Amino acid sequence: QVSLVESGGGLVQAGGSLRLSCADSGHTLSKYNMGWFRRAPGKEREFVGGITWRGTTTTYADSVKGRFTISKDNTENTAYLQMNNLKPEDTAVYYCAARDAKYSAYQYWGQGTQVTVSS
């Protein structure tokens, strides 16, 4: 039932901002913890941040802390990643993921959206 689709990626200059969206076409986002990950070419997938199913707690990788903000609108079945002060090293394909709070591993993944930050 869970089907995640990311959007909002694109090309931006260093110091700029983007907001990524992750919509669940199954309309069940409210019951899941959400996470954002990214993968640059030749690199391992990296955890960016996560938010609990209620949206009350967030956590971030040190590399994005203070610049990125995760939010979740359960009425719209959409999670967001607001990215400010983007840096070239943020260039990657960004993925959203969902997991039931009972489990530690993410169960559902989107196909990703490209974010490119130019110098």
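Summary of the structure given here. All values derive from a computational prediction rather than experimental measurement. (Residues numbered from 1 in each chain as written. Predicted model: local features only at pLDDT ≥ 70, side-chain atom pairs only at ≥ 80, totals over all residues. Heavy atoms only, no water.)

### Brief notes about the packing of aromatic side chains
By convention here, two paired aromatic rings are described through the distance between centres and the angle between planes.
Part 1 of the argument: Using the criterion set out here, one finds five aromatic pairs in the structure.
Part 2 of the argument: Their ring planes at 50° and their centres at 4.8 Å tell us that Phe 37 and Trp 109 sit as a pair that is tilted. Of the two residues, Phe 37 sits in strand S4 (residues 32-39) while Trp 109 sits in strand S10 (residues 108-109), which places them 72 residues apart along the sequence.
Part 3 of the argument: On the basis of relative accessible area, Phe 37 is assigned to the buried category, the value being 10%.
Part 4 of the argument: Taken together through their ring pairs, the aromatic side chains of Phe 37, Phe 47, Tyr 106 and Trp 109 make up a single cluster.
Part 5 of the argument: The residue whose ring lies beneath Arg 45 is Tyr 95, and the NZ or CZ to ring-centre distance is 6.0 Å.
Part 6 of the argument: Just above the ring of Tyr 106 sits the side chain of Arg 99; from NZ or CZ to the centre is 5.3 Å. (Phe/Tyr/Trp six-rings, centres within 6.5 Å; stacked < 30°, edge-to-face > 60°. Helix = DSSP H or I, 4+ residues; strand = E, 2+ residues; numbered from the N terminus. Buried < 20%, exposed > 50% of the residue type's maximum accessible area, 1.4 Å probe, protein only. Lys NZ or Arg CZ within 6 Å of the ring centre and 35° of its normal.)

### Digging into the state of the cysteines
Part 1 of the argument: Overall, the coordinates contain one disulfide when judged by the stated rule.
Part 2 of the argument: Disulfide pairing is shown between Cys 22 and Cys 96; the S-S distance is 1.9 Å. Classification of the bridge connecting Cys 22 and Cys 96 rests on its S-S torsion, roughly 60°, and on that basis the disulfide is right-handed. Within this pair, whereas Cys 22 is found in strand S3 (residues 18-24), its partner Cys 96 is found in strand S9 (residues 92-100), the two being separated by 74 residues in sequence. For the residue pair Cys 22 and Cys 96, the accessibility class agrees, reading buried in each case. (Disulfide = S-S within 2.5 Å.)

### Observations concerning the pattern of salt bridges
Part 1 of the argument: Within this structure, the stated rule accounts for four salt bridges.
Part 2 of the argument: Residues Lys 65 and Asp 62 are paired through a salt bridge, measuring 3.2 Å at the closest nitrogen-oxygen approach. Note on accessibility: Lys 65 and Asp 62 belong to one class, exposed.
Part 3 of the argument: Residue Asp 90 pairs with Arg 67 through a salt bridge whose shortest N-O separation is 2.8 Å. Here Asp 90 is found in the loop between strand S8 (78-83) and S9, whereas its partner Arg 67 is found in the loop between strand S6 (58-60) and strand S7 (68-73), with 23 residues between them in sequence.
Part 4 of the argument: We classify Arg 67 as buried; its relative accessible area is 9%.
Part 5 of the argument: Connected through salt bridges with shared partners, the residues Arg 38, Glu 46, Arg 67 and Asp 90 form a single ionic network. (Salt bridge = Lys/Arg side-chain N within 4 Å of Asp/Glu carboxyl O.)

Purely spatial values, then, with no claim about function.
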